[in-house]
Amino acid sequence: MDLNRTKDIGSSCLFAKIGTFSVLLDCGTNPKHDGYDSLPTFEKLGSSALDLILISHCHLDHVGSLPYLMKRQQQARVLMSRASQIVLPRILANSVSVMRLRRDEFGIREYPFFTQTDIESLEDHILPMQFGKPRTFKKDSDEMTVTFFSAGHVLGASSILIEHRHRKTFYTGDVLFRDQRTIKGAMWPTCEVDTVITETTRGSVMPEDRRSVDSEIERLIVTIRDTIDAGGSVLIPAFAFGRMQEILKIISDARNSNRLQKDSPIFCSGLGYGLIDDFDTVAKKLSLVNFRKKITRELGVKIFRGNDPKYIKSQIQRPSIFVLSSGMLVENTSAYNVACALIDDHKNAICFVGFCDEDTPGGELQKCSAGDSFLFKAQNYTAKISAKIHRFDLSGHASREDILKNVLGMSPRSVVLVHGEESSRNWFMDLLIDVAPKIKVFDMDPGEEFCI
Ligand SMILES: [Zn+2]
Ligand SMILES: [Zn+2]
């Protein structure tokens with residue numbers, strides 16, 4: 001049963017009865033909503049006592065409601081990759097701060113859903129998983145084996161194989177097969193499975209709208225270089241976890257090969273900067289990431305602090321690079337405030353490097369043209385768009401064709417479509433019916449129960 005309230009990307013959370021086991025796949029919050037609306041429909045669990053909660057990765061749409069649920073499911077064991085276990089406490093602690101701010105600002109009384117103490121007690125329930133190493137769980141006379149595999153996408157991201165009485169179910173989580181600068185691409189098992197539960201995020205992205213990642217990275221570097229040369233500053237809105245470190249690595253590599261000026265200041269915001277410590281820990285302990293803390297020292301990265309666009313403007317003494325969260329320019333974030341400060345000068349550039357929901361300020365800004373007016377609601381400021389707005393296709397999700405090919409490679413008898421807009425799921429549905437008519441395809445509605 002899909003506990004996501006809406007049939008879109010939303011808050012990833014699937015409940016499954018597998019033999020006698022009650023299992024939850026992911027436990028997210030919906031970044032487009034606030035308060036109770038952002039939570040999965042946990043009430044649909046009824047009196048079910050969960051045995052296992054399997055977490056694919058630490059983006060909030062997959063893990064944001066975990067401490068909230070754990071207060072009600074103390075008996076459950078939580079499985080996640082070792083790298084996810086390292087980054088999780090910082091990500092959740094930041095989420096507490098954000099919820100507190102939003103409670104004070106918008107009067108959302110139920111916030112915060114959890115506290116630092118809840119995060120600490122959650123840690124006692126976590127069983128860290130090594131990629132490729134199965135763990136078997138017993139309940140009464142029943143048995144279930146779980147194996148995590150690298151899913152690329154972001155540090156620690158996992159695809160998960162569940163084996164129960166000769167039946168294999170594979171959950172893709174969010175997946176990327178190509179290597180990124182900081183982490184390697186997905187490494188899926190070669191076995192055949194009965195069921196694949198697959199993400200469908202990029203199902204609506206047409207092949208003609210895709211560009212090669214290398215050429216997009218080159219275009220980004222040239223854009224930064226030309227903007228700085230012309231006396232402007234560059235804002236790169238980026239998700240704090242994963243994308244910010246990836247962009248810093250791209251800038252570092254470009255500077256080391258003399259393709260980018262070495263003297264422009266670089267600013268990052270709090271959580272993304274803090275996570276660099278965790279990336280360093282993972283690099284030392286697990287060798288799963290190509291990113292060390294010394295990169296920030298070499299780049300001279302500074303932590304960005306500042307909320308008032310006028311103050312920010314006065315602080316920009318020379319052309320600078322801002323790599324700030326949020327990736328979708330959500331209101332009152334550092335990226336939002338810097339966008340507000342940079343937007344009215346034609347010398348500046350705003351470079352989007354990830355997915356932006358079209359209802360977010362980032363999505364709305366991308367629909368505008370030069371000369372349009374744009375309202376920064378949270379600042380109550382309407383600006384004329386003079387800065388250049390660029391869009392780069394550096395998605396952390398695999399293309400629909402790559403996912404389809406790899407899913408078909410596992411010869412499943414059934415495929416369940418999750419984590420995508422309706423149009424994206426439809427593409428997978430139509431293609432699967434076309435190329436593999438024997439496969440049963442399920443496109444779940446929220447709360448719908450079904451048997452595979
Ligand atoms: Zn993700
Ligand atoms: Zn996701």
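The structure presented is a predicted model; accordingly, all values stated were derived computationally and were not measured. (Residues numbered from 1 in each chain as written. Chains lettered and ligands numbered in written order. Predicted model: local features only at pLDDT ≥ 70, side-chain atom pairs only at ≥ 80, totals over all residues. Heavy atoms only, no water.)

> How should I be thinking about the domain arrangement of the chain in this particular structure?
One widely used convention gives an interface's size as the accessible area the parts lose upon coming together. For the chain, the assigned domains read domain 1 (14-205 + 396-443) and domain 2 (210-391). Once you take the C-alpha centre of each, domain 1 and domain 2 turn out to be 28 Å apart. The partner domain 2 presents 28 residues to the 26 residues of domain 1 that form the contact. Together, Arg90, Arg181 and Thr182 form the three largest contributors to the area buried by domain 1 at its contact with domain 2, with a combined 31%. Run the count over domain 1 and domain 2 and you get four salt bridges. (Domains from an automatic or database assignment. Contact = heavy atoms within 4.5 Å. Buried area = accessible area lost by both parts, 1.4 Å probe. Salt bridge = Lys/Arg side-chain N within 4 Å of Asp/Glu carboxyl O.)

> What is the right way to read the coordination of the zinc ion (ligand 2) from this model?
Reference geometry at the metal: tetrahedral coordination by four donors gives ideal angles of 109.5 degrees; octahedral coordination by six donors gives 90 or 180 degrees. For the zinc ion (ligand 2), the full set of protein donor atoms is Asp61 (OD), His62 (NE2), Asp174 (OD) and His419 (NE2), at a range of 2.2 to 2.4 Å. If you look at the zinc ion (ligand 2), its four donor atoms make angles of 89 to 156° with each other, and the shape they trace is irregular. Here the donor residues for the zinc ion (ligand 2) map to a single chain with the spacing D-H-x111-D-x244-H. The metal-metal distance between the zinc ion (ligand 2) and the zinc ion (ligand 1) is 3.5 Å, with Asp174 serving as a donor to both. With Asp61 in helix α1 (residues 60-63) and Asp174 in the loop between β9 (167-171) and β10 (195-199), the pair connects residues that are 113 residues apart, well separated along the chain. Its relative accessible area of 2% is what places Asp174 among the buried residues. (Donors = N, O, S within 2.8 Å, 3.2 Å for Na, K, Ca; no water. Tetrahedral: all angles 85-135°; square planar, octahedral: opposite > 155°, others 65-115°. Helix = DSSP H or I, 4+ residues; strand = E, 2+ residues; numbered from the N terminus. Buried < 20%, exposed > 50% of the residue type's maximum accessible area, 1.4 Å probe, protein only.)

> Could you clarify how one ought to interpret the packing of aromatic side chains in this entry?
The geometry of an aromatic ring pair comes down to the distance between the two centres and the angle between the two planes. Under the criterion given, the structure shown has 15 aromatic pairs. Between Phe376 and Tyr381, the aromatic rings sit 6.4 Å apart at their centres with planes inclined by 25°, giving stacked as the arrangement. Cluster of aromatic residues (ring-pair linked, three or more members): Tyr36, Phe42, Tyr68, Tyr111 and Phe113. The ring centre of Tyr68 lies 3.8 Å from the NZ or CZ of Arg72, which sits over that ring. (Phe/Tyr/Trp six-rings, centres within 6.5 Å; stacked < 30°, edge-to-face > 60°. Lys NZ or Arg CZ within 6 Å of the ring centre and 35° of its normal.)

> Which parts of the structure should I look at to understand the pairing of strand β15 (residues 349-352)?
Looking along a regular strand, one sees side chains alternate from face to face of the sheet. On β15, burial covers both faces: Ala349 and Cys351 on one face and Ile350 and Phe352 on the other are all buried. Pairing analysis gives two bridges linking strand β11 (residues 234-237) to β15, with the strands arranged parallel. Note that in β15 the partner of Leu235 across the bridge is Ile350. Two strands pair when backbone bridges link them, and β15 and strand β18 (residues 388-391) are joined in this way by four bridges, in the parallel orientation. Note that in β18 the partner of Ala349 across the bridge is Lys388. (Pairing = 2+ DSSP bridges.)

> Would you mind showing me how to read the coordination of the zinc ion (ligand 1) here?
Protein coordination at the zinc ion (ligand 1) comes from His57 (NE2), His59 (ND1), His153 (NE2) and Asp174 (OD), with a distance range of 2.2 to 2.4 Å. Geometry at the zinc ion (ligand 1) is irregular, judged from its four donor atoms and the angles of 88 to 172° they form at the metal. Taken in chain order, the donor set of the zinc ion (ligand 1) reads H-x1-H-x93-H-x20-D.

> What is the right way to read the packing of helix α6 (residues 243-256) against helix α7 (residues 270-286) from this model?
To describe two helices that pack against each other, one gives the angle between their axes and the distance between the axes. The contact between α6 and α7 brings their axes to 9 Å, and the two run at 80°. Considered as vectors, α6 and α7 are oriented roughly perpendicular to each other. Contacts between α6 and α7 involve Met244, Gln245 and Leu248 on the former and, on the latter, Gly272, Tyr273, Leu275, Ile276 and Phe279. (Axes fitted to C-alpha atoms, helices over the stretch in contact; angles between N-to-C directions. Parallel < 35°, antiparallel > 145°, perpendicular 65-115°, else oblique.)

> Explanation requested: helix α4 (residues 116-123) in the structure shown.
Two residues of an α-helix separated by three or four positions point the same way, owing to the 3.6 residues in each turn. Residues of α4 that are buried: Asp118, Ile119 and Leu122. Across the axial projection of α4, the buried residues extend over an arc of 100°, all falling on one side. Tucked inside the fold, the buried residues of α4 contact α2 (66-70), β4 (77-81), α3 (82-106) and β5 (126-129). (Arc of directions from axis to C-beta.)

> Can you help me understand the pattern of salt bridges in this one?
Two side chains with opposite charge may pair up if their charged atoms get near one another. Following the criterion strictly, the structure yields 26 salt bridges and no others. Residue Arg211 pairs with Glu216 through a salt bridge whose shortest N-O separation is 3.7 Å. Of the residues examined, Arg211 reaches a relative accessible area of 48% and is grouped as partly exposed. A salt bridge links Lys347 to Asp345, with the nearest nitrogen and oxygen atoms 3.7 Å apart. One network of salt bridges, in which partners are shared, links Lys7, Glu422, Arg425, Asp443 and Asp445.

> Teacher, can you tell me more about the sheet that holds β5 here?
Either a parallel or an antiparallel arrangement is found when strands of a sheet pair, and the pairing is made through backbone hydrogen bonds. What the five strands build is an open sheet, ordered β1-β2-β3-β4-β5; its pairing is mixed. Only two strands of the sheet have a single partner each, and these edge strands are β1 (14-18) and β5. Across the sheet, the mean angle from the axis of one strand to that of its neighbour is 25°, orientation sign disregarded. Of the strand pairs in this sheet, β1 and strand β2 (residues 21-25) are connected by five bridges, and their pairing is antiparallel. When the bridges of β2 are listed, Ile18 appears paired with Phe21.

> Just checking my understanding: could you explain the packing of helix α5 (residues 213-229) against α6 for this structure?
Two elements in contact, α5 and α6, have axes whose closest approach is 11 Å; the angle formed by their N-to-C orientations is 70°. On the basis of their axis angle, the class for α5 and α6 is roughly perpendicular. For the pair α5 and α6, contact is made by Ile217, Leu220, Ile221 and Ile224 and by Ile247, Ile250, Ile251 and Ala254, respectively. For the contact of α5 with α6, the residue count by class is eight nonpolar, no polar and no charged. (Nonpolar A, V, L, I, M, F, W, Y, C, P; charged D, E, K, R; others polar.)

> So what exactly am I meant to see when it comes to unusual backbone geometry here?
Of all residues except glycine, most have a negative phi; of all peptide bonds, most are trans. Here the amide bond leading from Tyr111 into Pro112 is cis, since omega sits at -10°, within 30 degrees of zero. Relative to the assigned elements, Pro112 resides in the loop between α3 and α4. Here the residue pair Ser325 and Ser326 is connected by a cis peptide bond, since its omega of 15° sits within 30 degrees of zero. Among the structural elements, Ser326 can be located in the loop between β14 (321-324) and α10 (334-342). For Ser287, which is not glycine, the phi dihedral falls at a positive 50°.

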